[in-house]
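Structural overview for review
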Amino acid sequence: MKKRAFLILLLVLEFAACKKQSVEKPENLIPEKKMTDILFDVALVNAARGVGMDVLKEHHIVPDTYIYQKHQIDSLQFAESNTYYAANPSEYAAMYKDVEKRLKDMKEAQGKAREEERKTGETSGAAKTKTDNEEEKE
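Scope of this entry: the structure provided in the associated data block. Within each chain, residue numbers correspond to sequence positions counted from 1 in written order. Only residues with pLDDT of at least 70 get local features here, since the model is predicted, and only at 80 or more are side-chain atom pairs given and counted; chain-wide, interface and lining totals rely on the full set of residues. No hydrogens and no water enter the side-chain calculation; it runs on all heavy atoms of the structure.

To qualify as a helix, a DSSP run of H or I must reach at least 4 residues; to qualify as a strand, a run of E must reach at least 2; elements of each kind are numbered from the N terminus. The secondary structure content of the protein chain amounts to five helices and zero strands. For the protein chain, the N- to C-terminal ordering of α and β elements is α-α-α-α-α. A burial count over the protein chain gives 17% of its 138 residues as buried. Two residues qualify as a contact provided that any one of their heavy atoms is within 4.5 Å of a heavy atom in the partner residue. Intrachain contacts of the protein chain at a sequence separation of at least 6 include 78% that bridge at least 24 residues. Note on exposure labels: buried denotes an accessible area under 20% of the residue type's maximum, exposed denotes more than 50%, and partly exposed covers the range between, all computed with a 1.4 Å probe on protein chains only.

Moving on to unusual backbone geometry. Here the phi dihedral of His60 falls at roughly 55°; this positive angle occurs in a residue that is not glycine. Taking relative accessible area as the criterion, His60 reaches 72% and is therefore assigned exposed. Of note in this structure, Gln72 is not a glycine but carries a positive phi near 50°. Mapped onto the fold, Gln72 is located in the loop between helix H3 (63–71) and helix H4 (75–86).

Now for the environment of Ala48. The residue Ala48 is located in helix H2 (residues 32–58) in this model. A relative accessible area of 27% places Ala48 in the partly exposed class. Residues Ala48 and Pro63, 15 residues apart in the sequence, show an inter-C-alpha distance of 9.0 Å. Beyond its immediate chain neighbours, meaning those up to four positions away, Ala48 contacts Met53 and Leu56.

Those residues of H3 that sit buried are Pro63, Ile67 and His71. In an axial view of H3, the angular spread of the buried residues amounts to 50°, which keeps them on one side of the axis. Elements that come into contact with the buried residues of H3 comprise H2. Taken from the residues just after H3, Gln72 is the one with a positive phi, measuring 50°. Each C-beta atom gives one direction from the helix axis, and the arc is the one those directions make.

As a further point, take the nonpolar core. Soluble globular proteins tend to pack their nonpolar side chains together in the buried interior. For this analysis, a nonpolar core means a set of buried residues of the types Ala, Val, Leu, Ile, Met, Phe, Trp, Tyr and Cys, connected via side-chain atoms within 4.5 Å. Within the largest apolar cluster, 15 residues are counted, with the highest numbers of intra-cluster contacts made by Met35, Ile38, Leu39, Phe78, Tyr85 and Met95. Those elements that provide at least two residues to this core are H2, H4 and helix H5 (89–137). Looking at this core, the element that brings in the most residues is H2, giving five residues. With near-sequence residues (within four places) excluded, Met35 lies in contact with Ile30, Phe78, Ser81, Asn82, Tyr85 and Met95.

A side-chain nitrogen of Lys or Arg and a carboxyl oxygen of Asp or Glu constitute a salt bridge if their distance falls within 4 Å. Inspection of the entire model under this criterion finds five salt bridges. The partner of Arg102 in a salt bridge is Asp37, and the shortest N-O contact between them spans 2.8 Å. One end of the pair, Arg102, is in helix H5; the other, Asp37, is in helix H2, with 65 residues separating them in the sequence. By relative accessible area, which is 26% here, Arg102 ends up partly exposed. Measuring nitrogen to oxygen at the nearest pair gives 3.0 Å for the salt bridge that ties Asp41 to Lys70.

The subject of this paragraph is H2. Expected helix span is taken as 1.5 Å per residue step, with the number of steps being one fewer than the number of residues. Taking 1.5 Å as the rise per residue, H2 with 27 residues should run 39 Å; its terminal C-alpha atoms sit only 33 Å apart, a clear shortfall. Approximately 105° is the largest bend angle found in H2, and it occurs at Gly52. Buried within H2 are the following residues: Met35, Thr36, Ile38, Leu39, Phe40, Asp41, Val45, Gly52 and Leu56. Looking one or two places after H2, you find His60, whose phi comes out positive at around 55°. The angle separating two fitted axes, one through the seven residues that finish at a residue and one through the seven that start at it, defines the bend at that residue.

Here's what the structure looks like:
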């Protein structure tokens, strides 16, 4: 029984040791702030792919190439940096929380802008209707 417990303990320790191996920091690691900006743009581009891929094609925009050019990186640098950050879940989660907050803020700002446009349009429409009614009376 003691041998069995010892073997189980040994297996658990070996398994835990395997999990502790981390990804080496790449030489050309993208700084955390810039990586968060890139992940934000990736989220936007992925949304655009789902909704308006025709528009992207019409304007000859290749989403991945666009992101690499905008942030002056290459695909290997992005892949290595993404792997490095993904190996550190708490750091990666914080980056994605920031991306999520920025997306939410952008959505709220768009909603407010649309609401203002709608209100302005209704006011203009109401004013025009009132003016038209006054002209009809004359």
